[in-house]
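Below are the chains, spelled out letter by letter.
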Amino acid sequence: MSEEISDNELLEQFRIESTRNLAFHMLVTKYQKRVYWQVRRIIIDHDDANDVVQNTFIKVWKNLDGFKEASRLYTWIYRIATNESLTFLKQKRAPLYIPFESVERGLSRKLTDDNFFKAEEIEKKLQQAMLTLPEKQRIVFNLRYYDEMPYEEMAGVLETSVGALKASYHHAAKKIEEFLKNN
Amino acid sequence: MDKKNHIVNEDGLEKEAPLLVSIPKRNPFTVPEGYFDELPSAIMDKIRAEGQKPGSVGKKIFWLFRPQWILAVFIGLMGIFLFVRHQSNSPVSYEALAASVPDSTIYSHLQNNIEFVDENSLEDAVQNINITAPASSDTTDQQQIINYLINHNVDASDIENAL
């Protein structure tokens with residue numbers, strides 16, 4: 001039912017103090033799955049993804065008053081989620097953290113150990129292939145391949161040109177293909 | 001559940017990445033049961049617990065510019081440190097340094113290195129030092145000289161050797 005409420009209505013209700021909490025609850029209900037799956041595909045682990053998603057919506061809460069509506073609400077939320085995910089991965093690589101394995105290998109290992117990952121062998125290979133991509137390229141691939149996001153919308157999320165995004169996506173597809181052939 | 005491959009066709013992936021395209025486009029990730037039912041409430045609880053208010057701009061500005069604040073404080077501290085250090089390292093005059101060296105040390109050095117001492121240089125150096133010579137007087141206290149020589153263990157033969 002909450003998905004029927006328009007973004008404009010949600011924003012209007014949010015700006016009224018008496019209806020703010022309810023409006024935000026409905027906003028979260030409306031977008032939680034899309035945000036969660038976007039984050040999950042980057043972060044891999046459910047518990048980590050849960051933290052990032054919650055941080056994302058807390059940031060949305062804090063900044064929604066200042067949302068200028070220059071872009072679609074969902075594009076804006078997606079952007080916050082992407083930045084939060086990248087920040088999370090950057091923190092994992094922090095200089096003081098001396099890993100015994102790279103972040104990507106750690107994420108790849110989580111695919112095997114994770115109770116919330118149910119995949120055929122070939123699907124697991126695909127996820128491992130995606131983990132070999134640079135982070136931003138992986139995000140581009142996920143948004144295009146799984147979410148089927150138009151490049152113009154993706155440009156708003158990632159603040160990158162359409163041309164660069166297309167190039168990035170095709171490079172990603174080639175690298176994945178190469179990985180699948182060799183493994 | 002396979003998704004229709006609109007994007008695959010549109011992007012020409014069938015030719016570029018046939019292996020990739022052959023893999024079912026299925027979501028292999030799952031979530032705990034009831035996760036999405038509880039997530040909105042969990043987020044609202046967290047917001048209430050942190051006392052989060054929308055639009056805390058001042059705090060936001062501070063955290064946005066946190067690296068700049070840190071850099072500004074660091075530069076300020078470095079500036080104060082360098083200033084204090086510079087003040088304490090005031091130049092010391094040669095004469096003041098020389099005056100702090102005991103006579104016995106000077107004498108011992110001269111005695112040991114008399115061969116290497118260039119008398120002309122010594123003479124020039126002495127002329128350049130602004131020392132007021134005591135007024136010569138016939139009534140120079142010879143006893144004072146003798147006392148000096150005795151107090152500093154100067155032997156007559158030492159003087160003879162030095163000359």
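The rules we used
Throughout, a residue's number is its position along its own chain's written sequence, starting from 1. To label them, take the chains in the order written and letter them from A, then take the ligands in the order written and number them from 1. Note on the predicted model: pLDDT of at least 70 is required for a residue's local features to be given, and 80 or more for side-chain atom pairs to be given and counted; whole-chain, interface and lining totals, by contrast, use all residues. In this text, helices come from DSSP runs of H or I with a minimum length of four residues, and strands from runs of E with a minimum of two, each type numbered from the N-terminal end. Whether a residue is buried, exposed or partly exposed follows from its count of other C-beta atoms within 10 Å of its own C-beta, namely 20 or more, 12 or fewer, or something in between, respectively; the C-beta atoms are built from the backbone. With C-beta atoms placed from the backbone, a contact is any residue pair whose C-beta atoms sit within 7 Å. The term nonpolar core refers to a set of buried Ala, Val, Leu, Ile, Met, Phe, Trp, Tyr and Cys residues connected through C-beta atoms within 7 Å. To get an axis, fit a line to the C-alpha atoms, keeping to the stretch in contact for a helix; angles then go from 0 to 180 degrees between the N-to-C directions. Each angle receives one of four descriptions, namely roughly parallel if under 35 degrees, roughly antiparallel if over 145, roughly perpendicular if within 65 to 115, and oblique otherwise. Should the near helix be turned anticlockwise from the far one by less than a right angle, the crossing is termed left-handed; should it be turned clockwise, right-handed. Amino acid classes used here: Ala, Val, Leu, Ile, Met, Phe, Trp, Tyr, Cys and Pro are nonpolar; Asp, Glu, Lys and Arg are charged; the rest, including Gly, are polar. The predictor attaches a confidence to each residue, called pLDDT, with possible values from 0 through 100.

### Looking at the overall build of chain B
- For chain B, the helix and strand inventory stands at eleven helices and zero strands.
- Secondary structure elements of chain B occur, N-terminal to C-terminal, as α-α-α-α-α-α-α-α-α-α-α.
- The 163 residues of chain B split such that 4% are buried.

### Points about the overall build of chain A
- Check the secondary structure of chain A and you find nine helices and zero strands.
- In chain A, the succession of helices and strands from N to C terminus is α-α-α-α-α-α-α-α-α.
- Counting across all 183 residues of chain A, residues that qualify as buried make up 31%.
- For chain A, restricting intrachain contacts to residue pairs at least 6 apart in sequence, the fraction spanning at least 24 positions comes to 58%.

### Section: the interface of chain A and chain B
- The interface of chain A with chain B comprises 37 residues on the first partner and 28 residues on the second.
- Elements represented by at least two residues in the side of chain A that touches chain B include exactly helix H2 (17–43), helix H3 (46–63), helix H6 (121–131), helix H7 (135–146) and helix H9 (162–182) of chain A.

### A closer look at the nonpolar core
- Grouped together as the largest cluster of nonpolar side chains are 49 residues, with contacts concentrated most on Val39, Val140 and Ile176 of chain A.
- For this core, the element with the highest residue contribution is H2 of chain A, accounting for ten residues.

### Notes on the packing of H3 of chain A against helix H4 (residues 73–92) of chain A
Residues and elements named next belong to chain A.
- As a packed pair, H3 and H4 sit with axes 9 Å apart at the nearest point and diverge in direction by 135°. Between H3 and H4, the angle falls in the class oblique. Considering the relative orientation of H3 and H4, their crossing is right-handed. Along its contact with H3, which presents Asp48, Val52, Asn55, Thr56, Lys59 and Val60, the element H4 presents Ile77, Ile80, Ala81, Glu84, Ser85 and Phe88.
- Residues that form the contact of H3 with H4 fall into these classes: six nonpolar, three polar and three charged.

### Here we look at the environment of Leu10 of chain A
All names here are of chain A.
- Residue placement: Leu10 occurs in helix H1 (residues 7–14).
- The spacing of Leu10 and Leu27 is 17 residues in sequence and 6.8 Å in space, taken between C-alpha atoms.
- Setting aside chain neighbours within four positions, we find Leu10 in contact with Ile5, Ala23, Met26 and Leu27.

### Regarding the confidence of the model for chain B
All names here are of chain B.
- Mean pLDDT over chain B: 74, with 55% of residues reaching 70 or higher.
- At the level of individual helices and strands, chain B shows its lowest average pLDDT in helix H5 (residues 57–64), which scores 57, and its highest in helix H4 (residues 35–49), which scores 94.
- Here the predicted complex scores 0.63 on pTM and 0.85 on ipTM.

### Some words on unusual backbone geometry
All names here are of chain A.
- With a phi angle near 75°, Ile44 is a residue other than glycine that sits in the positive phi range.
- Along the polypeptide, Ile44 turns up in the loop between H2 and H3.
- Its identity is not glycine, yet Glu148 carries a phi of approximately 55°, on the positive side.
- Within the secondary structure, Glu148 sits in the loop between H7 and helix H8 (151–158).

### Some remarks on the confidence of the model for chain A
- Per-residue pLDDT for chain A has a mean of 88; in total, 91% of the residues score no lower than 70.
- Ranking the elements of chain A by mean pLDDT puts helix H5 (residues 103–113) of chain A last with 71 and H3 of chain A first with 96.

### Some details on the packing of H3 of chain A against H4 of chain B
- For the pair H3 of chain A and H4 of chain B, the least separation of the axes is 10 Å and the interaxial angle reads 60°. In terms of their interaxial angle, H3 of chain A and H4 of chain B are classed as oblique. Considering only the axes of H3 of chain A and H4 of chain B, their crossing is right-handed. Of H4 of chain B, the residues touching H3 of chain A (which contributes Gln54, Phe57, Ile58 and Trp61 of chain A) are Ala42, Ile43, Lys46 and Ile47 of chain B.
- A per-class count over the contact of H3 of chain A with H4 of chain B returns six nonpolar, one polar and one charged.

### Looking at the environment of Thr30 of chain B
- By the element assignment, Thr30 of chain B lies in the loop between helix H3 (18–22) and H4.
- Once you skip the residues sitting within four places of it in the chain, Thr30 of chain B turns out to touch Phe116 and Lys118 of chain A.

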